[in-house]
Amino acid sequence: AGTMAMATVNLHAVTSWVGIARLFAVVLSCIAFSLVASTGDFSDSYGTWCMFTWCFCFAVTLLVLVLELLELYPKLPLSWDDFTSAFSMLAVLMVFTTSVVFPSIFISSPCSSSECARQAAATTVSFLCFFAYALEVGLTRAKPGDISSFLSTVPGLLKVFEAYVACLIFSLLDTRNLKAGLQWCVAVYSICFIITFLIIIFTIGRCLTYMPCPLEKMLVGYNTLALMMYITATVLWPFYNFQGRKRPDTCGRNCQWDKDLGVTFLTIFNLIAYLVDLVYSTRMVFIRAP
C-alpha cells in the first residue's frame, strides 16, 4: 500500500524550476499577508484588496502544487496548462498592483514605528513574490514554434492582461451622470472585457473546439474590432473628462479626477495590449509555417 501511495506522488512538481518558483510564491505571499495581518491596519478598500490578493494567490498556488504533487489534476474537466498559465499571469498583475498600491497608501514618512517596519517588510516580500510569479510565467511561456496551450502563448497572456486592466478600469469608474461619449467608453470597456473573459474561460474549459471558425482567425477579427473600439475610447475619455476641468485643490485619496486620469492611462495600456495582440495573432494566421 505504501508503494502504491508513493507511486502517485510526483516530486518533479516541487523540484523543477517551475515548482520551486511556486514554492517561493506560496511562502512569500503567506509572509506578506501575515505581516500585514499582525498590524491590523488593512480595514479600508485598499487594504482589503491587498489582503485578498496575497491570500488568493497563496491559496490557489498551494492548491496547484498539491494537485500536481499528487497527480490529481488530469481528473479535472479543464485544460490544466491553460489554467496554470492564466493564473500565473493574473498573479503577476495582482501582486504587482498590490506591491505598488500598499506602500503608497499605508506607509508614510518617516517610517519609525514597528507597525511601519512590518508594512515595509510586507512590501518587500510582496515584490519578491511578484518576481517569483514572473519567473513562473517566463518558464512556462510557450516559445516560438512550440505546440502548446493557447494561454501560455503571448496572445494568451495578453488576454489575461487585457481582462485585468479592464477590471482596474471598472474599479475607478464613476458611472453617474455620464455624457454620451463617456457612456460609449464604458460600453467599449464592458464589451471587450466580456469577450476577452469568455475567450479565457472557453480556453480553460476546452470549449474552443465547438467554435464555428478557427481560433486564430477569430482572434484576428476580434482584436481588430477591439483595437478600433479602444482607439475611440482613448480619444473620447480624456476629451469629455478633462475639457475645461482642472484638478481640485482638495483632491484627496478618493479624488475622482485622479481616478479619471487613471482610467485614461489604463485605456492607453489596453490599447497597446490589443495592438500587440493583433500583431501576434496576425502572425499566427499568416506567417506561421504549416
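The rules we used
Residues numbered from 1 in each chain as written. Predicted model: local features only at pLDDT ≥ 70, side-chain atom pairs only at ≥ 80, totals over all residues. Heavy atoms only, no water. Helix = DSSP H or I, 4+ residues; strand = E, 2+ residues; numbered from the N terminus. Expected span 1.5 Å × (residues − 1). UniProt positions renumbered as here; feature names shortened; annotations may be inferred. Salt bridge = Lys/Arg side-chain N within 4 Å of Asp/Glu carboxyl O. Buried < 20%, exposed > 50% of the residue type's maximum accessible area, 1.4 Å probe, protein only. Axes fitted to C-alpha atoms, helices over the stretch in contact; angles between N-to-C directions. Left-handed = near helix turned anticlockwise from the far one by under 90°. Contact = heavy atoms within 4.5 Å. Nonpolar A, V, L, I, M, F, W, Y, C, P; charged D, E, K, R; others polar. Phe/Tyr/Trp six-rings, centres within 6.5 Å; stacked < 30°, edge-to-face > 60°. Lys NZ or Arg CZ within 6 Å of the ring centre and 35° of its normal.

For the rest of this paragraph, the subject is helix α9 (residues 215-242). Note: α-helices contain 3.6 residues per turn, so residues at a spacing of three or four share the same orientation. In this model α9 runs 39 Å from its N-terminal to its C-terminal C-alpha over 28 residues, within 8% of the 40 Å that 1.5 Å per residue would give. Immediately beyond the C-terminal end of α9, within one or two residues, lies Gly244, with a positive phi of roughly 70 degrees.

All right, on to the UniProt feature "transmembrane region" (unreviewed entry) in the protein chain then. When the UniProt feature table is mapped onto this chain numbering, "transmembrane region" (unreviewed entry) sits at residues 14-37, 49-67, 87-107, 119-135, 147-172, 184-204, 219-240 and 261-280. As annotated, residues 14-37 has a helix share of 96% and a strand share of 0%, and its two end C-alpha atoms lie 28 Å apart. For residues 49-67, the helix share is 100%, the strand share is 0%, and the end-to-end C-alpha distance is 27 Å.

So, about the pattern of salt bridges. Charged atoms that come close allow side chains of opposite charge to pair. If you walk through the whole model with that rule in mind, you get four salt bridges. We note a salt bridge from Arg22 to Glu68, for which the minimum N-O separation is 2.9 Å. Highlighted residues: Arg22 in helix α3 (residues 17-39) and Glu68 in helix α4 (residues 45-69), separated in sequence by 46 residues. Taken as a pair, Arg22 and Glu68 share a single burial class, namely buried. Notably, a salt bridge pairs Glu136 with Arg22, separated by 2.9 Å at the nearest N-O pair. With Glu136 in helix α6 (residues 114-140) and Arg22 in helix α3, this residue pair connects regions lying 114 residues apart in the sequence.

Let us now look at the packing of α3 against α4. Their axes nearest at 9 Å, the elements α3 and α4 cross at an angle of 150 degrees. Here α3 and α4 pass one another in a crossing that is left-handed. On the side of α3, the interface is formed by Gly19, Arg22, Leu23, Ala25, Val26, Ser29, Cys30, Ala32, Phe33, Val36 and Ala37, while α4 contributes Met51, Trp54, Cys55, Phe58, Thr61, Leu62, Val64, Leu65 and Glu68. Taken together, the residues of the contact of α3 with α4 sort by class into 15 nonpolar, three polar and two charged.

Here we come to the packing of aromatic side chains. The geometry of an aromatic ring pair comes down to the distance between the two centres and the angle between the two planes. All chains considered together, the criterion is met by 19 aromatic pairs. Look at Trp80 and Phe83: their rings are 5.6 Å apart centre to centre, the planes differ by 40 degrees, and that puts the pair in the tilted class. Taken as a pair, Trp80 and Phe83 lie in helix α5 (residues 80-106) at a separation of three residues, close to a single helical turn. For Trp80, a relative accessible area of 7% translates into the label buried. An aromatic cluster of three or more residues is present, and its members are Trp49, Phe52, Phe56, Phe87 and Tyr133. If you follow Arg283 out to its NZ or CZ, it ends over the ring of Tyr280, 5.6 Å from the centre.

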